[in-house]
Every structure is written in C-alpha cells, then in structure tokens.
Amino acid sequence: MKNSVYTLCGMCTVRCPIRVESDNNSITWIEGNMHLLNGALCARGTAGRALIKDQQRPQQPLIREGERGEGKWRTATWDETLDYVGNKLKEIQKKYGRESVVVSSRGGPWQNMYKTFCHAIGSPNYTNHDDTCGRNTHHASLSINGVGRKGFQYDIKNSKHLVLFGRNTFDALRIPENRQILDMLDNGGRMTYVDVRQTKTSNKASRFFLVRPGTDYALLLGMLHQIIKDGVYDNDFVAKWVTGFSELCDFVQQYTPAWAAKECGVKEESIKEFIQEISEDRPNVIFHPGWMLSRYRDSFYASRAIHIINALMGSIEQKGGLLIPRGPGDCGKKGPRSLDCPKPDIERADGCGTRHNQYDKGPGLQHLTLEALRTGKPYPLKAWIAMRHDLFTSMPDPERQKDLLKQCELLVSIDVHYSEFGWYSDVILPHSTFLERDNHIVVQKGPKPRLARRKKVIDPVFDTKPGWEIFKELAERLGAGEYFPYNSIEDLWNWQLEPTGYTVNDFDKKGFISLTENPIPPQPDKLEGKFKTPTGKIEIISSVLTKAGLESLQPYETPDAPPEGKFRLVFGRCAVHTHSHTQNNPLLNDMMPYNYVSINTIKADSMGIKDGDWVDVTGDDGYSGTLPAHVTEYIHPEAVFMIHGFGRQVPKQTRTYQKGASDQRLMAGLLDKRDEAGGGLNLCESFVSIRRSENPPEL
Ligand SMILES: Nc1nc2c(c(=O)[nH]1)N[C@H]1C(S)=C(S)[C@@H](COP(=O)(O)OP(=O)(O)OC[C@H]3O[C@@H](n4cnc5c(=O)[nH]c(N)nc54)[C@H](O)[C@@H]3O)O[C@H]1N2
Ligand SMILES: Nc1nc2c(c(=O)[nH]1)N[C@H]1C(S)=C(S)[C@@H](COP(=O)(O)OP(=O)(O)OC[C@H]3O[C@@H](n4cnc5c(=O)[nH]c(N)nc54)[C@H](O)[C@@H]3O)O[C@H]1N2
Ligand code: SF4
Ligand SMILES: [Mo]
C-alpha cells in the first residue's frame, strides 16, 4: 500500500520537517517539507532509508552474557528485558537510594519525557550531552542576558552581516539555517568567518579571518576596543538596556587592534576595516555565538564578548538581528500539555545549582556526574540509562569512563544502533528508527511558531519499540505510571492538544500547525521583562558571577603553544556524517568511509609527509589512530584537524569498525579539564604527535 506522511527527520538533532513516501512498508522517497524547506534535505536525511533495513543494528532487546564490552549477548523478549531492568533498578534504589540512578540523553525537544521518567522514579540526576556542546555559550548568555543560548533566535535571512566564529555552518549543517544564509548572501548580505582553517563556510564568506587556535577572545577584545573607540555602537540601546558599559570601556582600553593582531594573527587594518563594515550594517548584524567557540579554556569569556557586541550593536529585536523566540502565548494561543514531574528535592550528584551554583541546574553537567561516580559523593550512583546518547564518543577518554562506570551495577542503552556505550552496557533496548515511530507533539518557536510532531511512516521492521512506550512501561514497573497518562500515542497526542483547541487532524495538511498566519515582527519596544538578570538589563558586570567568585571581564591570557613536535588537536563536522552514528550507514559510509587529518604544508614538509600519505596520530596516553593526511596551506601551523566520529570500536559494525581515528580517544586527560566559569569541557586543549605510518591499512 502506498503512503505519504509528513514527519520530522531523525538523522541528526536538527529534526528538519520532511515528507516521506512508502510502498508496502518500504520507504520509497524522502524530501524536505515543501511548505517549510521547499524540498531541501541533506545527504544524511536521504540516507535515512538505508538505516531501516541495516542488519548491523540491534534487532531485538539484548541482555549481556559475557564480560562488559565482550560483545556476548542473549536475545530476550521485551517483557523479559523490561522486567529485568525494572527489577534491577528497584533493587539498586532499595540498596543505595532512589537518587542513585542517572538518566542521560542527547537533549532536544523530547527530553522532557526522559526527564519526567527520571524525576518520577525519584532521582534528580537527569543529565545531557551539553557539557560537550553548547554549555559555555549557554552559561555565557545566561550570565549576561539572564536567558540561555536558546533565549535568542537569529533573523539571518534579513541580516546585512553575519559574523561566525568557528561556526562552520556549511559542513555542520542545519538546513533551515543554511537556506537563510544563502538567501542573505543572495540579497547582498556580508558574512565574516573566523576559523583556524579554510572550510566550506570560509569559501562562501566575504571576509575570512584565519586565527591562531584559541585566540578568538583576543580578536573579540580588539573588535570591542575599536567599536568603542569609533563610537559605532547604539548609544540609546546601551543607555536603556545595558549595565556595566563604563567598566567595559576601561577594560578594553588596553586591547587595541594592534595588540589583537599580534595575538591572533589577523592584520590590524583588517580588524579596523571589519569594524567599519559593521558600522555600516548595524543594527542588522548578527554575531552568532554558535555552540562551541570552540571549547577552549576561555570560551566562556569569548562567548560573553560576542553577547556584549550584540548588545552594543543594538540588534536585539531588530530585523536581521537577534529575536526573542515567540511561542504560543505570543500568538494568543495556549500551548500543548507536556509530560512533567517535579524534580525530587535532593541535591544533584553533579552539584549544579548547589556546590556549583554558577551553573544552570537544568540538565547539569555530565562530566561532574562522572566525577561523583569517582568520589562516591554526595552519594553513590549505581545505574546509568543512556537514551539516544553515546557517552564514549561524546566525552573524552572512553577507557577512563569505563573505569568509572565499574561502580554502576546497571548500564542501559536505548538506541537505534550499537553505540560504543551500548556495546559496553548490560542491556540494549532497541529504539524504533525515526521513520518507524511516533513522538509526542512539540512547540517549535520562531517568528511563526508552530506545533510539530513525528509520525511513523512504516511499521518497525525489527522487534523495536518507540520511546513513549519504553518509558511508560519502565515507569509502570517502578510504580510511576501515573506520570505517563496514556495507552497509545493517539491518547498522548489528544491529551497534549486538549487545551490548544486543535486536533491531530490539523497536522494532516502540511505536517505542522501554524499558530499564527503572519510572522510576528521585531518588537524593540517590548523588551521590558525579557532579560531575566537581577537588574532586568543586559549585565556586563554580573552580580551572579561575582557571587560565584568569578570575574565578569576576564583579562586575556595567551593560549599555550604546542609542546615541541606536537600539534593542537581541533575537530569538527563534515556534511555527510552526524557525530559518530552514521559512519556505518551503507550509503554514507560509501561517501566517506574514513576521516583524515589536516596539517599545514610547511609542517608536513618538515616531517616528510605528503598529501594522501597515511600517518599515525598519537595522544598523550599512547592511543594512536592511523588515517590519511590532508596537507594544506590553509590551516594554522599549530593545529591539526580531524572529523569527529571515526575509529569506531563496535566489531558488529563491520563497515566502519576501526576505520580512521577517534578524536575523543586522543583527548587524554580532558575529562577533568573544564572551563571553570562556563562548565563545558575544554575539548580543544589536547596535543598530539604525528608521523608517517609504517603500517598503513590495506584498502
Ligand atoms: N553534518 C553535520 N552537521 C551537524 C552536526 C553533525 O554531526 N554533522 N552536529 C550538529 C551539532 S550537535 C553541533 S554542536 C553543530 C556544531 O557546529 P559548528 O560548531 O559549526 O561545527 P564544527 O564542525 O564542530 O566546527 C568547529 C569549527 O571550529 C574550528 N575551530 C577550532 N579551533 C578554533 C578556534 O580557536 N577559533 C575558531 N574561530 N575556530 C576554531 C574548527 O576548525 C571547526 O571548523 O553542528 C550541528 N550540525
Ligand atoms: N571528541 C569529540 N567529542 C565530541 C564532539 C566532537 O566533535 N569531538 N562533539 C560534541 C557535540 S557538539 C555533541 S552535540 C555531542 C554529541 O554526542 P551524543 O550526545 O553522543 O550524540 P550523537 O552522536 O548525535 O548520538 C548519540 C546516540 O544516539 C543514537 N541515535 C541516533 N538516532 C537515534 C534514535 O532515533 N533513537 C535513539 N534512541 N538513539 C539514536 C546514536 O546511535 C548514538 O549512539 O558530542 C560532543 N563530543
Ligand atoms: S540537517 Fe539533514 S540529517 Fe539533520 S534533520 Fe535536517 S535533513 Fe535530517
Ligand atoms: Mo552539539
């Protein structure tokens, strides 16, 4: 039977709206939703088809038989496996306390379900991946604007100038954003891009600054100096909405463009010319904080500098600037109900919000949860449930993590693949793929807020289950079923939609429900109450930081140069893979089976390495990966660059097993190196050595 269904892509966490056709329970066509994306889709989205019938993913629940990581499993029914997990959790909670269970996930719009489960079974320890992703920029925004990194959206399409720091958007794709950038460039907008190497984004930029790794903060301070010196800021906005401006003026006086030029390697004149351009383009200017910036020890302060520049530009609630996300309330509508359970009144194991009161207690910080495993303080943690989350590829030093996880009596992975954590765990609960499952309804904020949902296109091909069923069934086994008040997905959708006045049929026409006919325009006169800081203003000097013993304006420190013969390891994305979970997808593996390491021509020449030679990259703890060298003039000589996600260690995934090198395994010791102020892990603070490989793999 032929079928056409509007749903949401799941090949990465952008979750683009898509339309999918099937015939006889087989996917025949996938395209971007015409109403929102005009058909656009990336290679990974299209490769969703290959995921469905992949025999190398878990096909039924699995319970470990051999040692952890040995890969010996027995298959079991869902009932038996859920009983096993439920009973084990009960036992653990009885012995060590209800708070001894950790639930982690990849965050995102459905995380309230996993969080609800965690809280409902009596643990405050829900955590997510963000300590390796956007926490520094999140905390930076929170400290200045009183709202986190999702407190702003970017009207890129209408912008005159988009400024990106290590935000390689044409590889690290977000299709809706990429479309906006292309429109902006078509309309004559400018794009300035800062990176330590040439990328697809630098190739499209109107201005490219190639900087020394870890010096963005210097460049930003130089820019701030010049903005203030030239007086090219929005005086009225600053007077009305910004505190601490005079302290800022004093602070940046020492950081001239000439000084910045020496630190980051960008010409003084270029910085000045850039500020001249910005003065022409403001307030329709966006300094995009991205996610990572790029995970150095001062990324929090570099991110804060970006937020400060945005405030000086007066671009908040301006066309082509930063917009405060609009939700149902802004359209005079009621939002859908969502699953919820109050957090138990027990200190989080990671201490966020208590011992570490400068950090948002939301999902806390995962590496501090691991730290609590090590110390056993404030209490023992004995079970870890990872939902759509691979600890061993997202956090550094997987071998060290395994050591810490020995404390746990139960490790559960809920995944569509064998993740590296899953392969090591005690139980794998196979989740139905995004084309085989429904998800609960979510609000997508924006100038035209809408309701969206994932709807299954085909029935599960293997013995897998959707998340709404897995969590409900587990909660029921632990006496917390009341927090999952539904028996079918239709029940859940209807319960969610009840206050909104919409019905599920309203999704049929376009795949989403628009909550307003026309986009809500910028509202620069309605900023009262929007900045949730103690003063209600944008605080350059933050009393919250001061209370936590942290500076608001931190003096610049030059990053360490690599030790003799070593390079700083930087990493990032490529357009055809998502982190570490698409490398075994037959179609995407075909497009890119290996990663490579980019190295500067002069350095490569001095080591006798030619483009395409196989090289060994070795970390401080001796792990070594072998991969081809990409020799280029356009990378800073101190850095080498690798695409993340390769060097995978699950033998069952034969297409990708041990192909290429794993950046997280090269990050020796980084599990303990966090940005004290921002909380994120300093993933760009490791050094590696390189030499021609004596054992290149046979292809
Ligand atoms: N195709 C694809 N797209 C994705 C993802 C994916 O896995 N695949 N993941 C998504 C996720 S979760 C995220 S967080 C985003 C990430 O989006 P981005 O942050 O744009 O992505 P990365 O490729 O990690 O880019 C990091 C860049 O920082 C540069 N860099 C390193 N050091 C420095 C430095 O000192 N200064 C500057 N200015 N740059 C530096 C690196 O060379 C690299 O180009 O991508 C999202 N989009
Ligand atoms: N060394 C190094 N570390 C990094 C990064 C890096 O570039 N280098 N990048 C960092 C960034 S920006 C991020 S966001 C994190 C991301 O790291 P993670 O949070 O681990 O996220 P993903 O790799 O996207 O996916 C995690 C798991 O989700 C599974 N999965 C995919 N689709 C589904 C599904 O539909 N259902 C279920 N249940 N599971 C699914 C995948 O198989 C995978 O095992 O890693 C961070 N860590
Ligand atoms: S960016 Fe690509 S993989 Fe990610 S949701 Fe969109 S189409 Fe899917
Ligand atoms: Mo991320």
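In this text, all values refer to a predicted model and were calculated from it rather than measured experimentally.

Visitor: Residues and numbers for the site of ligand 2, please.
Guide: Around ligand 2 sit 27 residues, and of these Ser394, Asp415, His417, His431 and Asp663 come closest. In the environment of ligand 2, a nitrogen atom lies 2.6 Å from a nitrogen or oxygen atom belonging to the backbone of Ser394. Residue Ile414 places a main-chain N or O atom 3.1 Å away from a nitrogen atom belonging to ligand 2. Summarising the interface, the protein chains cover 98% of the accessible area of ligand 2, which totals 910 Å² for the free molecule. Every element with two or more residues in the shell around ligand 2 is listed here: α16 (391–394) and β16 (410–415).

Visitor: Can you tell me about the domain arrangement of the protein, naming the residues and giving the values?
Guide: The domains assigned to the protein are domain 1 (72–133 + 343–432 + 461–486), domain 2 (155–324) and domain 3 (566–692). The gap between the C-alpha centroids of domain 2 and domain 3 is 28 Å. In this assembly, domain 2 packs against domain 3 so that about 1,800 Å² is buried in total across both faces, 60% of it on carbon and sulfur atoms. Remark: the boundary between domain 2 and domain 3 carries 1 salt bridge. With its nearest N and O atoms 2.9 Å apart, the salt bridge here joins Arg212 to Glu638. Between domain 2 and domain 3 we count 8 residue pairs in polar contact (both at pLDDT 80 or more) in total. Looking at which element gives the most residues to the side of domain 2 that touches domain 3, the answer is helix α14 (residues 299–313), with 3 residues. Grouping the constituent residues of the side of domain 2 that touches domain 3 by class yields 11 nonpolar, 3 polar and 7 charged.

Visitor: How would you explain the site of ligand 3 if you had to name every residue and give the values?
Guide: Residues in close proximity to ligand 3 include Cys9, Met11, Cys12, Val14, Arg15, Cys16, Leu41, Cys42, Arg44, Gly45 and Ile175, which together make up its full environment. Counted by class, the shell around ligand 3 contains 8 nonpolar, 1 polar and 2 charged residues.

Visitor: Pulling in residues and values, what's your account of the pairing of strand β26 (residues 639–643)?
Guide: On a regular strand, one side chain projects to one face of the sheet and the next to the other, so that they alternate. The buried fraction of β26 is high, at 5 of 5 residues. Side chains Ala639, Phe641 and Ile643 of β26 all project onto a buried face; the interleaved residues Val640 and Met642 project onto the opposite face, where all are buried too. Here strand β22 (residues 566–572) runs beside β26; their pairing, made up of 5 bridges, is parallel. Note on β26: the bridge partner recorded for Gly572 is Ile643.

Visitor: Quick one: what's the story with the pattern of salt bridges, residue by residue and with numbers?
Guide: Throughout the structure, instances matching the rule amount to 47 salt bridges. Put simply, Glu273 and Arg207 hold a salt bridge, and the shortest N to O gap is 3.5 Å. In this pair, Glu273 sits in helix α13 (residues 268–281) while Arg207 sits in strand β11 (residues 207–210), placing the two residues 66 residues apart along the sequence. Look at Glu273 and you get partly exposed, because its relative accessible area is 42%. For Arg207, a relative accessible area of 14% translates into the label buried. Here Lys406 ties to Asp403 by a salt bridge, and the two come within 2.9 Å at their closest N and O atoms. Judged by its relative accessible area of 56%, Lys406 falls in the exposed class. Here Asp403 falls in the partly exposed class, since its relative accessible area comes to 48%. Where salt bridges share partners, they join Arg190, Arg207, Glu273, Glu277, Glu280 and Asp281 into one cluster.

Visitor: I'd like to hear about helix α15 (residues 366–375), residue by residue, with values.
Guide: Most of α15 sits out of view: 7 of its 10 residues are buried. In the stretch just after α15, Gly376 is the one whose phi turns positive, near 75°.

Visitor: Give a description of the pairing of strand β15 (residues 383–387) that names residues and reports values.
Guide: In terms of burial, β15 is a largely internal element, 5 of the 5 residues being buried. Burial of β15 is two-sided: the residues Ala383, Ile385 and Met387 facing one way and the residues Trp384 and Ala386 facing the other way are all buried. Direction of pairing for strand β6 (residues 101–105) relative to β15: parallel, over a ladder of 5 bridges. Within the sheet, the bridge partner assigned to Ser105 lies in β15 and is Met387.

Visitor: Go over the nonpolar core, please, and point to the residues and values.
Guide: Residues Met223, Phe287 and Trp384 are the most contacted members of the largest nonpolar core, which totals 150 residues. Per-element accounting of this core gives the leading share, 10 residues, to α14. Ignoring any residue separated from it by four or fewer positions in sequence, one finds Phe287 in contact with Val163, Phe165, Met223, Phe274, Ile278, Ile306, Ile309, Asn310 and Met313. Grouped together as the second largest cluster of nonpolar side chains are 49 residues, Ala120, Ile121, Ile414 and Ile520 included.

Visitor: I'd love a proper account of the side chain of Thr192, names of residues and values included.
Guide: Examined against the element boundaries, Thr192 turns out to sit in strand β10 (residues 190–195). Within polar-contact distance, the side chain of Thr192 engages the side chain of His161 at 2.8 Å. In contact with Thr192, not counting residues within four places along its chain, are His161, Leu162, Val163, Leu164, Arg207, Phe209 and Phe274.

Visitor: An account of helix α17 (residues 398–405) is needed here, citing residue identities and associated values.
Guide: All buried positions along α17 are accounted for by Pro398, Gln401, Lys402, Leu404 and Leu405. Within α17, the buried residues cover an arc of 160° as seen down the axis, which keeps them to one side. Elements in contact with the buried residues of α17: α15, β15, α16, β16 and α18 (420–424).

Visitor: Before we move on, can you summarise the environment of Arg337 with the specific residues and values?
Guide: With respect to the element layout, Arg337 can be found in the loop between β14 (322–323) and α15. Sequence separation between Arg337 and Gly479 is 142 residues, and the spatial gap between their C-alpha atoms is 22 Å. Setting aside its immediate chain neighbours within four residues, Arg337 contacts Trp495, Gln496, Glu498 and Pro499. Polar contacts involving the side chain of Arg337 include one to the main-chain carbonyl oxygen of Trp495, which spans 2.8 Å.

Visitor: Go over the sheet that holds strand β25 (residues 624–632) with me, naming the residues and quoting the values.
Guide: Read around the barrel, 6 strands follow the order β22-β26-β23-β25-β24-β27 and close on themselves; strand pairing throughout is mixed. Across the sheet, the mean angle separating the axes of adjacent strands is 45° when strand polarity is ignored. Bridge count for β22 against strand β27 (residues 687–692) is 3 bridges, and the pairing is antiparallel. The residue bridging Arg568 from the neighbouring strand is Phe687, located in β27.

Basis of the calculations
Residues numbered from 1 in each chain as written. Chains lettered and ligands numbered in written order. Predicted model: local features only at pLDDT ≥ 70, side-chain atom pairs only at ≥ 80, totals over all residues. Heavy atoms only, no water. Near = heavy atom within 4 Å. Polar contact = N/O pair within 3.5 Å; in protein donor to acceptor, adjacent residues only side chain to side chain. Areas by Shrake-Rupley, 256 points an atom, 1.4 Å probe, with all protein chains shown as cover. Helix = DSSP H or I, 4+ residues; strand = E, 2+ residues; numbered from the N terminus. Domains from an automatic or database assignment. Buried area = accessible area lost by both parts, 1.4 Å probe. Salt bridge = Lys/Arg side-chain N within 4 Å of Asp/Glu carboxyl O. Nonpolar A, V, L, I, M, F, W, Y, C, P; charged D, E, K, R; others polar. Buried < 20%, exposed > 50% of the residue type's maximum accessible area, 1.4 Å probe, protein only. Pairing = 2+ DSSP bridges. Core = buried A, V, L, I, M, F, W, Y, C linked by side-chain atoms within 4.5 Å. Contact = heavy atoms within 4.5 Å. Arc of directions from axis to C-beta. Axes fitted to C-alpha atoms, helices over the stretch in contact; angles between N-to-C directions.

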